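Here is how the chains run, residue by residue.
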Amino acid sequence: MTPNHSCRPNLATPDSVGESKGHNSMMRLDGKVALITGAARGQGASHAKYLAREGARIVAVDILADVEEFYPNATAADMETTVETVRAEGGDILPLQGDVRDSNRMREIVDQSVERFGTIDIVCNNAGTIRIEAIDEMTDHTLDVVVDTCLKGVFNVTRAVVPVMKRQRAGSIVNTASAGAIKAVAYSSHYAAAKGGVILATRSWARELAEWDINVNAVAPGSVYTGMITGLAGQAGEDPLEAFARHSEANLFTGEKGRLDVDDISRAIAFLASDDARTITGQTLVVDAGWAA
Ligand SMILES: NC(=O)c1ccc[n+]([C@@H]2O[C@H](COP(=O)([O-])OP(=O)(O)OC[C@H]3O[C@@H](n4cnc5c(N)ncnc54)[C@H](O)[C@@H]3O)[C@@H](O)[C@H]2O)c1
């Protein structure tokens, strides 16, 4: 039977193919301003490159300091590399030092971003940290650092930026959770619980902010080869590449397709931040080569 499409006319013309709602599909974020936390290296640096490539101006935020008992964070030199990468894409970037655990600093950063670029359209709550430790080994310090960075930090940035998005009645918030919040893993329960909290906060904010046409979604990456993996391997005295291979063994895909790259996560972020995802909200996109399926 031939489906009846008569009530859904295809209005595509040669000129409109490849475009949606007047946006060129190659530059989906033209003129937008994107604030990215944890942007000096790893996934955050890659998101900055991808969003700039799509036309966004970037506010890159990172702690740029180490935290006691945790593997090393990004450095000022890492941030300089992010700046150069964004500029090489033809993008504009405002690099700012800031700890997502510090709510006053996050408010200052939102003010500085608005002063420089006029608004904030996109937020990538990407900063995060982890420690491998049993529940009865956690100290007040390590528990606070993980929960305050991975969960409270997402609240701090979001509550600072939402008034700006409400005023313009538009915005897209993309939070970074983890596949480890979908399938449980042992020895980082603070991290799993914090990331699980990010997924529920994402859904809750999607309900709360739809009235202002603000989209709120999350990505949940599987194991990606970044400073997080090399840092953990360093603490455990393991070879980082061997550790990454071991992490990736449980993925459904094998070989090259079974090893996640920062680009895999950035493509998901760019999609969720764009108008291509205009009707998607409250969702968590799991990008994990099938690990948690
Ligand atoms: N790498 C993985 O396997 C993996 C898997 C799932 C989820 N994630 C999540 O992805 C996100 C990005 O991590 P990554 O893999 O790029 O690791 P990464 O360690 O390379 O990057 C994290 C960035 O966050 C910054 N940062 C840490 N604490 C901060 C703070 N308090 N305030 C501001 N910036 C801070 C670091 O300096 C660093 O630049 C994190 O939220 C992480 O939890 C990572």
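Note that the coordinates shown come from a computational prediction; the quantities given were computed from them, not determined experimentally. (Residues numbered from 1 in each chain as written. Predicted model: local features only at pLDDT ≥ 70, side-chain atom pairs only at ≥ 80, totals over all residues. Heavy atoms only, no water.)

**Thoughts on the side chain of N217**
- Positionally, N217 belongs in strand 8 (residues 214-221).
- A distance of 2.9 Å separates a polar atom in the side chain of N217 from the backbone oxygen of I280.
- Not counting the four nearest positions on each side in its chain, N217 is found in contact with I173, V174, N175, T202, L272, I280, T281, G282 and Q283. (Helix = DSSP H or I, 4+ residues; strand = E, 2+ residues; numbered from the N terminus. Polar contact = N/O pair within 3.5 Å; in protein donor to acceptor, adjacent residues only side chain to side chain. Contact = heavy atoms within 4.5 Å.)

**Comments concerning the sheet that holds strand 5 (residues 93-97)**
- With respect to topology, 7 strands assemble into an open sheet ordered 5-4-3-6-7-8-9, the strand pairing being parallel. Of all strands in the sheet, those with a lone pairing partner are strand 5 and strand 9 (284-287), marking the two edges. Going across the sheet, the axis of each strand differs from the next one's by a mean of 15°, ignoring polarity.
- Inspection of the sheet shows strand 3 (residues 33-37) paired to strand 6 (residues 122-125) by 3 bridges, in the parallel sense. Residue pairing across strands places L35 opposite V123, the latter belonging to strand 6.
- Relative to the sheet, helix 2 (residues 76-88) contacts strand 4 (57-62) and strand 5, its axis offset from that of strand 5 by approximately 170°.
- On top of the sheet, helix 4 (residues 140-168) reaches strand 3, strand 6, strand 7 (171-176) and strand 8; it is set at about 175° to strand 6, its chief contact. (Pairing = 2+ DSSP bridges. Axes fitted to C-alpha atoms, helices over the stretch in contact; angles between N-to-C directions.)

**Some remarks on the packing of aromatic side chains**
- Applying the stated rule across the entire model yields 2 aromatic pairs.
- Between the aromatic rings of F155 and W205, the centroid separation amounts to 4.9 Å while the plane-to-plane angle is 75°, which identifies the pairing as edge-to-face. In this pair, F155 is assigned in helix 4 and W205 in helix 5 (residues 189-209), connecting sequence segments 50 residues apart.
- Residue classification places F155 among the partly exposed residues on the basis of a relative accessible area of 34%.
- Looking at R131, its charged tip hangs above the ring of F70, at a distance of 6.0 Å from the centre.
- The ring of W212 carries the charged tip of K166 above its face, separated from the ring centre by 4.2 Å. (Phe/Tyr/Trp six-rings, centres within 6.5 Å; stacked < 30°, edge-to-face > 60°. Buried < 20%, exposed > 50% of the residue type's maximum accessible area, 1.4 Å probe, protein only. Lys NZ or Arg CZ within 6 Å of the ring centre and 35° of its normal.)

**Observations concerning the site of the ligand**
- For the ligand, the set of nearby residues contains 29 residues, the closest of which are R41, D62, N126, Y191 and T226.
- The separation between a nitrogen atom of the ligand and a polar main-chain atom of I63 is 3.3 Å.
- Between an oxygen atom of the ligand and a main-chain N or O atom of V224, the distance comes to 2.8 Å.
- Protein chains shield 98% of the accessible area of the ligand, which is 830 Å² for the free molecule.
- Among the secondary structure elements, those contributing two or more residues to the shell around the ligand are helix 1 (42-53), helix 5 and helix 6 (227-236).
- With 3 residues, helix 6 is the largest single contributor of residues to the shell around the ligand. (Near = heavy atom within 4 Å. Areas by Shrake-Rupley, 256 points an atom, 1.4 Å probe, with all protein chains shown as cover.)

**Describing the nonpolar core**
- Grouped together as the largest cluster of nonpolar side chains are 45 residues, with contacts concentrated most on L35, V59, V123, I173, L209, I214 and V216.
- Only strand 3, strand 4, strand 5, helix 3 (103-117), helix 4, helix 5 and strand 8 provide two or more residues apiece to this core.
- If you tally residues by element for this core, the top one is helix 4, at 11 residues.
- In this structure I214 touches M165, K166, A170, G171, I173, L209 and T281, once residues within four positions along its chain are discounted.
- Membership of the second largest hydrophobic core comes to 32 residues, among which are L29, A39, V224 and A268. (Core = buried A, V, L, I, M, F, W, Y, C linked by side-chain atoms within 4.5 Å.)

**Re the pairing of strand 3**
- Where burial is concerned, most of strand 3 is hidden: 5 out of the 5 residues are buried.
- Alignment of strand 3 against strand 4, held across 5 bridges, turns out to be parallel. Considered in strand 4, the bridge of L35 is made with V59.
- Handedness of the crossover is the feature at issue here: the chain leaves strand 3, passes through helix 1, returns alongside strand 4, and the resulting connection is right-handed. (Right-handed = clockwise from strand over helix to strand, strands pointing away.)

**What about helix 3?**
- When the terminal C-alpha atoms of helix 3 are compared, their 21 Å separation across 15 residues agrees well with the 21 Å that a helix rising 1.5 Å per residue should span.
- When we look at burial in helix 3, the residues that qualify are S103, R105, M106, I109, V110, S113 and F117. Along the long axis of helix 3, the arc covered by the buried residues comes to 155°, so they all point the same way. Structural note: helix 3 exposes N104, D111 and E115 on the side pointing more than 90 degrees away from its buried face.
- Each element contacted by the buried residues of helix 3 is listed here: strand 3, strand 4, strand 5 and helix 4. (Expected span 1.5 Å × (residues − 1). Arc of directions from axis to C-beta.)

**Concerning the side chain of T142**
- Here T142 lies in helix 4.
- The exposure class of T142 is buried, given its relative accessible area of 1%.
- Within polar-contact distance, the side chain of T142 engages the side chain of E133 at 2.9 Å.
- Aside from chain neighbours lying at most four places away, what touches T142 is E69, F70, R131, E133 and H190.

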